[in-house]
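For reference, the chains in residue letters:
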Amino acid sequence: MTKSVIEEDLIIDGNITSKDGDIDVKGRVKGDISAKGVSVSSNGEVTGAISAGAVRIQGRHTGQIECTELALEKNAEVKADVKAQTLSSEKGARLVGKVQITG
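Residues numbered from 1 in each chain as written. Predicted model: local features only at pLDDT ≥ 70, side-chain atom pairs only at ≥ 80, totals over all residues. Heavy atoms only, no water.

A.B. asks: What's the story with the pairing of strand 9 (residues 77-89) in this structure? I'm lost.
C.D. replies: Working note: regular strand, side chains alternate between the two faces of the sheet. Pairing between strand 8 (residues 60-72) and strand 9: twelve bridges, direction parallel. Paired with A71 across the bridge in strand 9 is S88. Direction of pairing for strand 9 relative to strand 10 (residues 94-96): parallel, over a ladder of three bridges. Bridging from a neighbouring strand, K79 pairs with V96 of strand 10. Bridge count between strand 9 and strand 11 (residues 99-101): three bridges; the pairing is parallel. For A84, the partnering residue across the bridge sits in strand 11 and is I101. (Pairing = 2+ DSSP bridges. Helix = DSSP H or I, 4+ residues; strand = E, 2+ residues; numbered from the N terminus.)

A.B. asks: Explain the pairing of strand 7 (residues 45-57) to me, please; I cannot follow it from the model alone.
C.D. replies: Relative to strand 7, strand 5 (residues 28-30) runs parallel, the two sharing three bridges. When the sheet's bridge partners are listed, K30 is paired in strand 7 with T47. Two elements, strand 6 (residues 33-40) and strand 7, share seven bridges in a ladder whose sense is parallel. From the neighbouring strand, S39 faces strand 7, where its bridge partner is R56. Pairing of strand 7 with strand 8, which is carried by twelve bridges, proceeds in the parallel orientation. Paired with V46 across the bridge in strand 8 is H61.

And the structure:
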């Protein structure tokens, strides 16, 4: 499995697809992300839809999320409509939007 990292000084304006790998967002993405796994670090920001098997958010996300497993860590700020099989959230995480758990 491969892992692609979008570093803190990088801003991507466009969609990203990783067929069999993970994407770690430390910078900013304005566009949709599709991958096996997506992680948004504490300084990372995504504006757009995320579609993945596993999604972990420490930073900021605005848009939609569709995944199997969603984990929101304590500093996460999410404004999104969410469709996931499972959702875990640490104390301090913020989520605003429609949530559908299909578990």
